[in-house]
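This is what each chain is made of:
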Amino acid sequence: MAPAEILSGKAVSAQVRERLKKQVAEMKEKFPGFTPGLAILQVGNRDDSNLYINMKLKAAAEIGISANHIKLPNTATEAEVLKCIASLNGDPAIHGFIVQLPLDSDKPINTEKITNAVSPEKDVDGLSSINAGKLSRGDLGDCFIPCTPKGCMELISQTGIQVAGKRAVVIGRSKIVGAPMHDLLLWNHATVTTCHSKTSTLAEEVGKADILVVAAGKAEMVKGEWIKPGAIVIDCGINHVPDSTKASGKRVVGDVAYATAKEKASYITPVPGGVGPMTVAMLMQSTVESAQRFLEKFQPGKWNIQYNQLTLKMPVPSDIEISRSCIPKPIDQVAKEVGLLPDEMELYGQTKAKVQLSALKRLKNQPDGKYVVVTGITPTPLGEGKSTTTIGLVQALGAHLHQNVFACVRQPSQGPTFGIKGGAAGGGYSQVIPMEEFNLHLTGDIHAITAANNLVAAAVDARMFHELTQNDQALYNRLVPSVNGVRKFSEIQIRRLQKLGINKTDPTALTKEEVNLFVRLDIDPATITWQRVLDTNDRFLRKITIGQSPTEKGFSRTAQFDITVSSEIMAVLALSDSLDDMKRRLGRMVVASSKRGEPVTTDDLGVTGALAVLMKDAVKPNLMQTLEGTPVFVHAGPFANIAHGNSSVLADKIALKLVGKEGFVVTEAGFGADIGMEKFFNIKCRYSGLRPNVVVLVATVRALKMHGGGPAVTAGVPLPKEYTEENLQLLAKGCSNLSKQIQNARMFGVPVVVAVNAFKTDTKAELALVVQLAKEAGAFDAVECTHWAEGGKGAVALAQAVQRASQTPSNFRFLYNVELPVIDKIRLIAQQIYGASDIELLPEAQEKVTLYTKQGFGNLPICMAKTHLSLSHDPEQKGAPTGFILPIRDIRASVGAGFLYPLVGTMSTMPGLPTRPCFYDIDLDPLSGEVNGLF
């Protein structure tokens, strides 16, 4: 018979590499910024390992794989190797990961333990017990196959001969080649015999083989005469034998006597140039396959999410009963469903987690989804259900219309939770769960803000005290101490020197005048705007005297406590788009003015870095879920009057990437559209660069009747009959407020969908009238909603309307240019949004305009602080008043957050407790550990 055809591993591997090169190029084109990643971990410095690794690195570079060679010294311990493996397992940029064997360490290391530590999803060498087990069970599509057997199968496939039904013999039973080769042939339907050193009839077994794979590690042990005529022979051996004709004195041979075997076989692999090149090619192929699996698993737009089925009851039970009736999914499952990676999560128990900002970096090239903001008409003191509508809408979009959707909501303060308002997790069958986690500590973000805020307050008073009690040189010696005979400025002190125009880094080089400038902030106590905070309603902290201890040497002053969520640090958190941005904003916060009229910042106080440390975890959004299992980001909760009243930019940005191009992110703006929505557009969207697609405007019959002239609505007091009986005339008159708020939203170029939040006392005629008048006022659509009683099912029509609206053009635009003078920006908001004829600045406000303009803050956006109970400054003026003069009592600056806030009337920043606070009903069951009494 004719000599065997040569199965050239060089030629076949070249074809494989070329194919992979095209696949990687297509992958990169489809997913910009994505590159398959391979990590090679080496312990020690063996020459043969270095040679093999260089081959792999060269092949990876040729194909377009990003290969990373990590080299540990031969002194590395098992624990150090395992730590390195854990880090690589968690790196989302690495899709294939191999440990180069043997491990060249002078410390005892368990190789089996090391190979099994590699994540099975990245084990492209296929050496872990999990991958080996899957291969032995025949799960070929769900595991990685060791590279040499995989290469052997590729070479066999090149012959065109079907494996199925053939007799195959494998010589060798190593975990790397022999054993997996047996399994691979078996699950490709060959009849397989494995031979080894103890096989007594080796020649006889070889003679039966249609396919022979030899991996024994013995030079030319298989003789040509043993081989069945026409067999396929795959030789995996690499052995060195003496050869005086070679310069090295030796040559490479395989485990098969090649010269005689090729006369009997139909196909045979040479040594070298046969199986060897295929091993590297198959490693590359497995890496590309792993990258493809990664993209399929974590690609935005392809959520495979499990929704919870609600069991609706009538009458609707209490919020806490409903919350408890639904078992939340483990939060790591929610994270996995929406495409977050394990290393991007920090679990806080089973129902909440923080999300690393690295997720945003990973997803930066993904298109954003549709951006929806939920706002409302001017509310009654009872609220009109914006939070409930937000949650009902996302449940409808997700669980009922099967869209990728995220809710992004504010974290509530604990003050109202224990005061008069109660919880803020939505309500009825449209809630964030567990509601007790949501309404209480959550992950500690508000506590971090409290600590950071009060550190600044302490720094302000301590600095004034020390400046008043020490001369310049004493201050300088303490601010820049000598440590082990060396004096040097800290980084933040160098920034202060540069701000002062002192370009020196040697503490001994400053002149007396420069030392004076450096050490004296010279804070004017009358200009201090920074207050201490507490997340508890406490009316007796609204005005206090500090510094009364004898140790403060008589330096006392009047101060106050605010509630934590009113802290500028909360607004900074909400508007930051990265950790670095947050740090810069924290450093820009102005706490007072000097006696020379210059702004004094937290950076001047030297506290910026410490604030960033306190806030480093708070900057990460918190992941929770709704009753129906849709994901929710709960992050930041700034006041909606003296701040902008919206959840965080970071949560929105991450969510928009996760939902994918066709998905939805629904966020909520505090108070009515004249306040929260206007600030969402002019402040939040200005800083985030995000552009909204749809406004959902929540309206209730109850509130519209109030605007039509109905009696006062008071919390805790039964509603007058005007609100519980049909009254179309009162309702129609009150729709002037609805019309004005629709106009306000459309002023920004965004389509408006009105959600009529139906109560059981509303009649069909009343609901129909609101829908009709909303459409006549210019709403894209208006829809009756029953999500409080029915969950997502009750908001399906709303969700469908939002889908349709999102497909229309959104010609978003800001109301004003920030370069306009401060007074002009305030006037535009007052006239265009509130309906005022003009504004009137009281003397204190006029002084602040002059001061802030001089200090360089005149080009900041405006954040109006006014009552939420009327479009005007007077909470008693309902409907849509016009022609009034809007009085501006004062103007203050949140420079770090990035806005000026004019005060229209008096704003309380520390709520008080009522006669009967909510805490009377809140209790802990010592047996079950359950919280009772939240609502």
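Located above this text is the structure these notes cover.
Residues numbered from 1 in each chain as written. Predicted model: local features only at pLDDT ≥ 70, side-chain atom pairs only at ≥ 80, totals over all residues. Heavy atoms only, no water.

Caption draft 1: Spatial organisation of the overall build of the protein chain. When its secondary structure is counted, the protein chain shows 33 helices and 37 strands. Oriented by its inertia axes, the alpha-carbon framework of the protein chain measures out at about 110 × 80 × 55 Å. Residues classed as buried in the protein chain amount to 55% of the 935 residues present. Sequence-distant contacts in the protein chain: of pairs separated by 6 or more residues, those separated by 24 or more amount to 74%. (Helix = DSSP H or I, 4+ residues; strand = E, 2+ residues; numbered from the N terminus. Buried < 20%, exposed > 50% of the residue type's maximum accessible area, 1.4 Å probe, protein only. Contact = heavy atoms within 4.5 Å.)

Caption draft 2: Structural detail: a nonpolar patch on the surface. A surface patch of nonpolar side chains, about 300 Å² in accessible area, is lined by Leu 51, Tyr 52 and Met 55. By the secondary structure assignment, Leu 51 is in helix H2 (residues 47–63). A relative accessible area of 51% means that Leu 51 is categorised as exposed. (Patch = residues over 30% accessible without salt bridge, like charges linked within 9 Å, V, L, I, M, F, W, Y side chains within 5 Å. Areas by Shrake-Rupley, 256 points an atom, 1.4 Å probe, with all protein chains shown as cover. Salt bridge = Lys/Arg side-chain N within 4 Å of Asp/Glu carboxyl O.)

Caption draft 3: Spatial organisation of the sheet that holds strand S11 (residues 267–268). Across the sheet, 6 strands lie side by side as S1-S11-S8-S7-S5-S6; this open sheet has parallel pairing. The open sheet has two edge strands with one neighbour each: strand S1 (5–6) and strand S6 (191–195). Pairing of strand S5 (residues 167–171) with strand S7 (residues 211–214), which is carried by 4 bridges, proceeds in the parallel orientation. Paired with Ala 168 across the bridge in S7 is Ile 211. Most of the contacts of helix H7 (residues 178–187) go to S5, to which it runs at about 170°, and overall it touches S5, S6 and S7. (Pairing = 2+ DSSP bridges. Axes fitted to C-alpha atoms, helices over the stretch in contact; angles between N-to-C directions.)

Caption draft 4: Representation of the environment of Leu 869 in the model. Locating Leu 869 in the fold gives a position in the loop between helix H33 (843–854) and strand S33 (885–888). Leu 869 gets classed as buried once you look at its relative accessible area, which sits at 19%. As a C-alpha pair, Leu 869 and Asp 47 span 822 residues in sequence and 78 Å in three-dimensional space. Setting aside anything within four residues of it in sequence, one finds Leu 869 in contact with Thr 378, Pro 379, Thr 380, Pro 381, Pro 875 and Lys 878.

Caption draft 5: Quick peek at helix H29 (residues 764–776). In a regular helix each residue adds 1.5 Å, so 13 residues correspond to 18 Å; H29 covers 18 Å between its end C-alpha atoms and thus fits that length. Of the surrounding secondary structure, the elements contacted by the buried residues of H29 are helix H27 (701–707), helix H28 (728–746), strand S30 (752–757) and strand S31 (781–785). In the stretch just after H29, Gly 778 is the one whose phi turns positive, near 110°. (Expected span 1.5 Å × (residues − 1).)

Caption draft 6: Structural detail: the pairing of strand S14 (residues 370–376). Most of S14 is tucked away, with 7 of its 7 residues classed as buried. Burial along S14 is two-sided: Lys 370, Val 372, Val 374 and Gly 376 and Tyr 371, Val 373 and Thr 375, pointing in opposite directions, are all buried. Relative to strand S28 (residues 664–668), S14 runs parallel, the two sharing 5 bridges. The residue of S28 that forms the bridge with Val 374 is Glu 668.

Caption draft 7: Representation of the pattern of salt bridges. Counted according to the given criterion, the structure contains 49 salt bridges. A salt bridge links Lys 107 to Asp 106; the nearest nitrogen and oxygen atoms lie 3.5 Å apart. Judged by relative accessible area, which is 33%, Lys 107 ranks as partly exposed. Since its relative accessible area comes to 52%, Asp 106 is described here as exposed.

Caption draft 8: Representation of helix H14 (residues 386–400) within the structure. With 15 residues, H14 extends 20 Å from end C-alpha to end C-alpha; this agrees with the ideal 21 Å at 1.5 Å per step. Note on H14: the residue one or two positions beyond its end, His 402, has a positive phi of about 55°.

Caption draft 9: Examining the state of the cysteines more closely. Taken as a whole and assessed by the stated rule, the structure comprises 0 disulfides. No disulfide involves Cys 785; its sulfur sits 15 Å from the nearest other cysteine sulfur, which is in Cys 735. Accessibility expressed as a relative area gives 0% for Cys 785, which makes it buried. (Disulfide = S-S within 2.5 Å.)

Caption draft 10: Summary view of the pairing of strand S32 (residues 838–841). Of the two faces of S32, only the one carrying Ile 839 and Leu 841 is buried; Asp 838 and Glu 840 on the other face are not. Looking at chain direction, S32 and S33 are connected through 4 bridges and run parallel. When the sheet's bridge partners are listed, Ile 839 is paired in S33 with Leu 886.

Caption draft 11: How the structure looks around the sheet that holds strand S3 (residues 66–72). Taken in spatial order, the 3 strands make up an open sheet running S3-S2-S4, and their pairing is parallel. Only two strands of the sheet have a single neighbouring strand rather than two, namely S3 and strand S4 (96–99). On average, each strand axis in the sheet is inclined to that of its neighbour by 15°, with strand direction left out of account. Here strand S2 (residues 37–43) pairs with S3 via 7 bridges, running parallel.

Caption draft 12: Local environment of the nonpolar core. Core analysis: the largest hydrophobic core is formed by 136 residues, its most contacted members being Leu 738 and Val 754. At 9 residues, the largest contribution of residues to this core is made by helix H17 (residues 445–469). Among all residues touching Leu 738, those that are not within four sequence positions of it are Ile 377, Leu 697, Ala 699, Leu 704, Val 754, Val 770 and Ala 774. Core analysis: the second largest hydrophobic core is formed by 54 residues, Leu 20, Phe 31, Leu 38 and Val 177 among them. (Core = buried A, V, L, I, M, F, W, Y, C linked by side-chain atoms within 4.5 Å.)

Caption draft 13: Quick peek at the packing of H17 against helix H21 (residues 568–575). Viewed as axis vectors pointing N to C, H17 and H21 meet at an angle of 125°, and their least axial separation amounts to 9 Å. The orientation of H17 with respect to H21, classified from their angle, is oblique. When you trace H17 past H21, the crossing you get is right-handed. Residues Ile 446, Ile 449, Ala 452 and Asn 453 of H17 form the contact with H21, whose own contacting residues are Ile 569, Met 570 and Leu 573. Here the residues of the contact of H17 with H21 sort into 6 nonpolar, 1 polar and no charged. (Parallel < 35°, antiparallel > 145°, perpendicular 65-115°, else oblique. Left-handed = near helix turned anticlockwise from the far one by under 90°. Nonpolar A, V, L, I, M, F, W, Y, C, P; charged D, E, K, R; others polar.)

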